[in-house]
There are 2 protein chains.
Amino acid sequence: MDITQERTEDRNLPFDVFARACPSRGTLEHVTGRWGGLTLGALHEGSLRFNELRRRVDGVSEKMLSQTLHALERDGLVHREAQPTNPPRVDYELTPLGREVAERLLSLIHCVEGRMDDVLAARERYDGMRGTF
Amino acid sequence: MDITQERTEDRNLPFDVFARACPSRGTLEHVTGRWGGLTLGALHEGSLRFNELRRRVDGVSEKMLSQTLHALERDGLVHREAQPTNPPRVDYELTPLGREVAERLLSLIHCVEGRMDDVLAARERYDGMRGTF
DNA sequence: CCGTATCCGCCTTGATACTG
DNA sequence: CAGTATCAAGGCGGATACGG
């Protein structure tokens, strides 16, 4: 019932991410978490319905997507627009704040994707070290 | 013995982060994981030794820091420099690739930190909705 | 000082079933 | 379609002890 379990970290103390009790650490984890980032990334391309999102983010379960969306909505990054029709239609889209965050996140994602061959090469070097030496 | 448990995701397929089997998803998780991001952030300020890092990143255990560093080193984001002295001294620092990634990550972190009051306000609104009526 | 090895509890996750 | 409820399983992460 409590959306996403907040623990000890969420008290109001100075905003130093490195400190255990920093409130922004929680939000950061929602954003960078396993599904949060991919969800924001998907929504950056435009408004999406629940099951569209589910199909787009490969591997996410209904439950996790639901939890993720609630957390992001609560943090003010995602806006939920429900139409009381039948069948129901619910659209999710980024808020202005969400767009800002998503853009920086995508910059990171693209950076990693673009340098992926470097990463793969580094891995082979690393693994080679331990195998032969 | 296998550093950081790689699962099904790590095959060589097209680099579409949204796909379950995308190799960059793994690296992205190392970078944005609970401790990966904070570790990169700390190292962005300069080279650090193991225990300096451990003190800097509040709440990380030896085991998790060790795992995190290995994953980042394997991905070519962090360089490990061991001096065979006694007592041993090991310095960790970002590689050029690591610096690039860390900068984008920090941009994200600072964005979230800077807008934290918006987030907190959004949360109060959200929680208020569910409390009353 | 710099880690690795082992144990173990708990939370996250995923599957399934169900509701509006 | 758009979710919530429930439950079992296992991996993640912490604590501890030990090794180089």
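See above for the structure.
Residues numbered from 1 in each chain as written. Chains lettered and ligands numbered in written order. Predicted model: local features only at pLDDT ≥ 70, side-chain atom pairs only at ≥ 80, totals over all residues. Heavy atoms only, no water.

**Notes on the protein's contact with DNA strand D**
The immediate surroundings of DNA strand D are formed by 21 residues, with Arg49(A), Ser66(A), Arg80(A), Tyr92(A) and Lys63(B) found nearest. Sugar and phosphate atoms represent 60% of those atoms of DNA strand D found within 4 Å of the protein. In this structure, a phosphate oxygen belonging to DNA strand D sits 2.6 Å away from a side-chain N or O atom of Arg80(A). Here Tyr92(A) contributes a side-chain N or O atom positioned 2.7 Å from a phosphate oxygen of DNA strand D. Ranked by the residues each element gives to the surface near DNA strand D, the list is headed by helix H4 (residues 62–74) of chain A, at four residues. Here the surface near DNA strand D is composed, by residue class, of seven nonpolar, five polar and nine charged. (Near = heavy atom within 4 Å. Polar contact = N/O pair within 3.5 Å; in protein donor to acceptor, adjacent residues only side chain to side chain. Helix = DSSP H or I, 4+ residues; strand = E, 2+ residues; numbered from the N terminus. Nonpolar A, V, L, I, M, F, W, Y, C, P; charged D, E, K, R; others polar.)

**Details of the packing of aromatic side chains**
Evaluated as defined, the whole model comprises zero aromatic pairs over all chains. Above the plane of the ring of Phe18(B) lies Arg56(A), whose end atom (NZ or CZ) is 4.1 Å from the centre. (Phe/Tyr/Trp six-rings, centres within 6.5 Å; stacked < 30°, edge-to-face > 60°. Lys NZ or Arg CZ within 6 Å of the ring centre and 35° of its normal.)

**Things to note about the relation of the copies chain B and chain A**
In this arrangement, two copies of a chain are superimposed by a rotation about an axis accompanied by a shift along the axis. Between chain B and chain A, which share one sequence, the superposing operator has a rotation angle of 180 degrees and an axial displacement of 0.0 Å; the RMSD is 0.1 Å. Interpreted geometrically, this transformation is the action of a two-fold axis. Closest approach to the rotation axis among the C-alpha atoms of chain B is made by Thr32(B), whose C-alpha sits 2.7 Å away. Counting the interface residues of chain B, we find that 100% of their copies in chain A are interface residues as well, pointing to one common contact surface. (Least-squares fit on C-alpha atoms with pLDDT ≥ 70 in both. Contact = heavy atoms within 4.5 Å.)

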